[in-house]
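Architecture and fold: a report
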Amino acid sequence: MSAQDSISAVEASALPRRRSQLPLAGMIGAVIIAFWVLMALIGPYVAPHQVGALVDNDGFGRMQWALPLGSDYLGRDVLSRILIGARYSIGVAAAATFLAIFMGGTLGMLAAVSRGLIDMALSRFFDALISIPSKMSALVVIAALGSSISVLIGTIAVILTPGAFRTWRALAVNVNALDFVEVARARGEGAGYLIREEVLPNIAGPVLTDFGLRFVFAVLLLSSLSFLGLGVQPPNADWGSLVRENIDGLADGALAVVMPAVAIATLTIGVNLLIDNLPGRWSSSREH
Amino acid sequence: MAPLVEVDRLRVAARDERGCENVIVKDVSFEVQRGEVVALIGESGSGKTTIALSLMGYARAGVTIAGGSIAFDGRNLLDMSQREISSLRGRDIAYVPQSAAAAFNPARPLLKQVIESSQIHRLMPVAEAEAKAVSLFRELMLPNPEKVGERYPHQVSGGQLQRLLAAMALVTDPSLVIFDEPTTALDVTTQIEVLRAFKKAIKERGTTAVYVTHDLAVVAQIADRIIVLRDGIIREIDATRRILKEPKNDYTKSLLAAAEPQVRTARSEALQETSTPPVLEVKHVTAGYGATDREGIPTLPVIRDVSLSIKHGTTLGVIGESGCGKSTLARVVAGLLPAAQGEVLLNGAPLPRSAAERTRDQLRGIQIVFQMADTALNPARPVSRILGRPLEFYHGLSGDKRRRRVAELLDMVRLPANMVGRFPGELSGGQKQRVNLARALAAEPSLILCDEVTSALDTVVGAAILNLLAELQRELGLAYLFISHDLSTVKAVCDEVMILYAGQMMERGNRSALRERPLHPYSELLISSVPELRQGWLDGISETVLKEATAGVARPGRGAACSFFERCSVRIPGRCDIEPTPLRRLSKGADIRCQRTEEELMELRAR
């Protein structure tokens, strides 16, 4: 056998191309998310009762035909409140998370590929931002501007941005040290190209996991703001505030406190099931 | 007496991501006699490490031993319970892995880790084990054997760490030691001391050993018998002498041939002085990391006062051990690390020091090809995009034109056109390196910086890449700056050679100058440290070389004095370590940086 033959034999052993598809767990996650997004859109139209309507004489009522998930501490229908609250929990949290990831992520990658002075300035700026107690600043902002959906989204986004910046920067710094980024830099590529083509596609997996995590933070932050009376205004309520306002029923195991919590849990699990099982490049477990 | 190890029709299968069975070791049978050193040799993917691990009854995750038997001392390992196997591992069968740095816990002192297996198996009290370890340190020729165990892994050199790893394996007096590529990651000069220590320890203790490697020259020094593997099948088993002298199998022959790269005929006409300026000229460059001081020298200088020039269509080889600054030199030329002092000229025109300040055309002229093809290609982009980008960026090609050019480039590096849609993860190591090269060619550069381009590849695949480089040079008139730690590769492909040590240029000359004496003392050491493909080479190494080889590698210093001083056997204390070292032109046509004159070097060598 000549050397040339052995080379072709060795090199022929490369893997053929293959398409991977979403595994079952990922499908389940996708179905859960799809369900809740649908509810966020049509919730008010399918809810059996008005959001503030008192339909039960007792607080913390049991399951019955008219009230499938029982009633809350004031005797309002829990199912209706969850369905109507879906758009606040999902809408505000998702919008704030997207905004935070967009700002923090872009600046994080910019800091990583620019290095030097830009990196230093951005990092110190976000360090300063992170050192401000988040709820305090939220209180101040909302007290000054008044509570509206857009103010809530903006405030939560700003609170989540420094964390997103840190995570994205850390991920991007690792990729930035690899030879192919070095090659692109030696070619003369600008920061925009480096971020878009070289760095972003290679941190997509872990970054999505970060998105899932931050989304859950946003849901919880929103609920704590609502608890302080600065979030979604009554009679409307997001899921977090549904849990908070019915917390007295916890000792009795009231459905009014369990069901919103279950709603939050299913949404969180759904998001993370989907993200953890994404195939190919988006996979969070892929090695680099 | 019965053999210590008897492997009979061993079959090992791996399951890939899609769940397909893939037999990686196919019905392998061999035996290892007591006191014998058997080498398993083959390229990556030949199954040599898999077989070595199975001798401990171990299979990596996703891999199963599918059939056959492995008898160790008369008992079949594959029938034993996990508990029984655990009691054998580390006590009767020991393993020395390739990467010593990864094998030690950085947070614990060395001695504690070395005696660990004796304590796990409760073989002896701590004091006795420590005394034993110290005697092993002495046997393995470690400096300061009483005290070295108190240190932490980062406080000793790579070669010392590898020997400490051997001490760890030998502390329980195992009947079988498995060495898995223990010197592959080491520099040649370090490899000598480690190989000698291993050989001595094996001989004195009469240890039975299985030595896994891809390097025939190393095996020739240490093994009694060689098993040549390919694709999980034994191609040839024979005594070392017979394998080296009269190989029967074709594959063994090709391995032997690839071990000594063909020397290409010098392009003497290209070397003639011409009026055109050299493609690349580097003048008195100093570079490093950290802030620069008043004299313009960085806090951590990596290369100091290096000058070179490369003529059109020729190759300059830069060799040196790890940490000598050869990759930094490439980065300085590419503008990735701006030089602190000195000048870089491309085709006679000076270049700005930083890549960010160079024009697109200046950047196009110099392309870089990195060692690790795995990290040099963006794993998220298909080959068409990887090759298409420089075409678009430098030449403004798009659409059909770009597609045609990508196909041409693939053809130039001898890859089939259907590779365009593949992602880097779907290519083999050799194919990745070809794509890597094609990307550099896409810019139509006048100079390509090749940073250890074949080091991560198997010998045969690497030889093919070298052939490709030579063909491209002929066709396109490219110039290469060829960086390598492998002297035989450099001698085979380069027209001119430069030897770096601790950031200083030690010798620079025609490639044939490396075969003529006198040489710079460091060149001499480097050349005599490369293992030769004959038995007995290791035992025949001269005392001077040994002394120089075992002294630690110097870090780049700040002054202009010789950095090789500490290790040099012909040094002049009071002069070499204080005065700036002059450049001397030797009669063979090479330049060296040394205090000794040509006559002195000749005379000292003759002694």
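This is a predicted model, so every value here is computed, not measured.

Here is what the cut-offs are and how they apply
- Residues numbered from 1 in each chain as written.
- Chains lettered and ligands numbered in written order.
- Predicted model: local features only at pLDDT ≥ 70, side-chain atom pairs only at ≥ 80, totals over all residues.
- Helix = DSSP H or I, 4+ residues; strand = E, 2+ residues; numbered from the N terminus.
- Rg over C-alpha atoms; globule rule 2.2 N^0.38 Å.
- Pairing = 2+ DSSP bridges.
- Axes fitted to C-alpha atoms, helices over the stretch in contact; angles between N-to-C directions.
- Buried ≥ 20, exposed ≤ 12 C-beta atoms within 10 Å, placed from the backbone.
- Contact = placed C-beta atoms within 7 Å.
- Expected span 1.5 Å × (residues − 1).
- Right-handed = clockwise from strand over helix to strand, strands pointing away.
- pLDDT = per-residue confidence, 0-100.

Focus on the overall build of chain B
When its secondary structure is counted, chain B shows 23 helices and 22 strands. Taking 25 Å as the expected radius of gyration for a compact globule of 607 residues, we find that chain B reaches 26 Å, a close match to that expectation. Over its C-alpha atoms, taken along the principal directions, chain B stretches across nearly 75 × 65 × 45 Å.

Topic: the overall build of chain A
Per the secondary structure count, chain A includes ten helices and zero strands. Each helix and strand of chain A, placed in order from N terminus to C terminus, yields the pattern α-α-α-α-α-α-α-α-α-α.

Things to note about unusual backbone geometry
Residue and element names in this part refer to chain B. Of note, Asp27 is a non-glycine position whose phi angle comes to about 45 degrees, a positive value. Its location among the elements puts Asp27 in strand β2 (residues 21–32). Backbone geometry at Asn144 places phi at a positive 55 degrees, although glycine is not the residue there. Tracing the backbone through its elements, the reader meets Asn144 in the loop between α6 (126–139) and α7 (158–170).

What about the sheet that holds strand β8 (residues 208–213) of chain B?
Adjacent strands of a sheet form backbone hydrogen bonds with each other and so pair up, either parallel or antiparallel. Residues and elements named next belong to chain B. Taken in spatial order, the six strands make up an open sheet running β6-β7-β8-β3-β9-β10, and their pairing is mixed. Edge positions in the open sheet fall to β6 (93–96) and β10 (233–239), since each of these has one partner strand only. Strand after strand, the sheet turns through a mean of 15 degrees between neighbouring axes, direction not considered. Summarising the sheet, strand β7 (residues 176–180) and β8 pair through five bridges and their orientation is parallel. Its bridge partner being in β8, Ile178 is matched across the sheet by Val210.

Section: helix α21 (residues 521–529) of chain B
All names here are of chain B. Here α21 lies mainly inside the structure; eight of its nine residues are buried. When we look at burial in α21, the residues that qualify are Pro521, Tyr522, Ser523, Glu524, Leu525, Leu526, Ser528 and Ser529. Where the residues of α21 are buried, they touch α8 (188–205), α20 (487–493), β19 (496–501), β20 (504–510) and α22 (543–550).

A short note on the sheet that holds strand β11 (residues 280–292) of chain B
Residue and element names in this part refer to chain B. An order of β12-β11-β14-β15 is seen for the four strands of this open sheet, with the pairing classed as antiparallel. A single partner strand is all that each edge strand has here, and the edge strands are β12 (298–310) and β15 (349–350). Note that β11 and β12 share eight bridges and pair antiparallel. Looking across to β12, one finds that Gly288 is bridged to Pro301.

Side note on the environment of Pro278 of chain B
All names here are of chain B. With respect to the element layout, Pro278 can be found in the loop between α12 (268–271) and β11. Exposure remark for Pro278: the 20 C-beta atoms within 10 Å place this residue in the buried category. Setting aside residues no more than four positions away along its own chain, Pro278 makes contact with Ser309, Ile310 and Lys311.

As for helix α19 (residues 459–476) of chain B
All names here are of chain B. Under the 1.5 Å per step criterion, the end-to-end length of α19 is 25 Å for 18 residues, consistent within 8% with the ideal 26 Å. When α19 is considered as a whole, its buried residues turn out to be Thr459, Val460, Val461, Gly462, Ala463, Ala464, Ile465, Leu466, Leu469 and Gln473. With its phi angle positive at about 65 degrees, Gly477 sits one or two positions after the end of α19.

What to know about the pairing of strand β13 (residues 315–319) of chain B
Residues and elements named next belong to chain B. For β13, the buried fraction is high: five of the five residues fall into the buried class. On β13, burial covers both faces: Thr315, Gly317 and Ile319 on one face and Leu316 and Val318 on the other are all buried. As judged from the five bridges shared by β13 and strand β18 (residues 479–484), these two strands associate in the parallel manner. Residue pairing across strands places Gly317 opposite Phe482, the latter belonging to β18. Note: β13 against β19, four bridges, orientation parallel. Residue pairing in the sheet places Ile319 in a bridge with Ile499 of β19.

Brief notes about the pairing of strand β17 (residues 447–451) of chain B
Residues and elements named next belong to chain B. Of all five residues making up β17, five are buried, and the element is well covered by its neighbours. Burial of β17 is two-sided: the residues Leu447, Leu449 and Asp451 facing one way and the residues Ile448 and Cys450 facing the other way are all buried. Note that strand β16 (residues 366–369) and β17 share four bridges and pair parallel. What sits directly across from Ile366, in β17, is Leu447. Here β17 pairs with β18 via five bridges, running parallel. When the bridges of β18 are listed, Asp451 appears paired with Ile483. In this fold, the crossover linking β17 to β18 by way of α19 has right-handed handedness.

So, the confidence of the model for chain A
Residues and elements named next belong to chain A. Considering every residue of chain A, the mean pLDDT works out to 81; 90% of them sit at 70 or more. Between the elements of chain A, mean pLDDT differs from a low of 42, seen in helix α1 (residues 3–11), to a high of 91, seen in helix α6 (residues 149–176). Counted against residues more than four places away or in other chains, residues 1–19, with its pLDDT under 50, gives 31 contacts.

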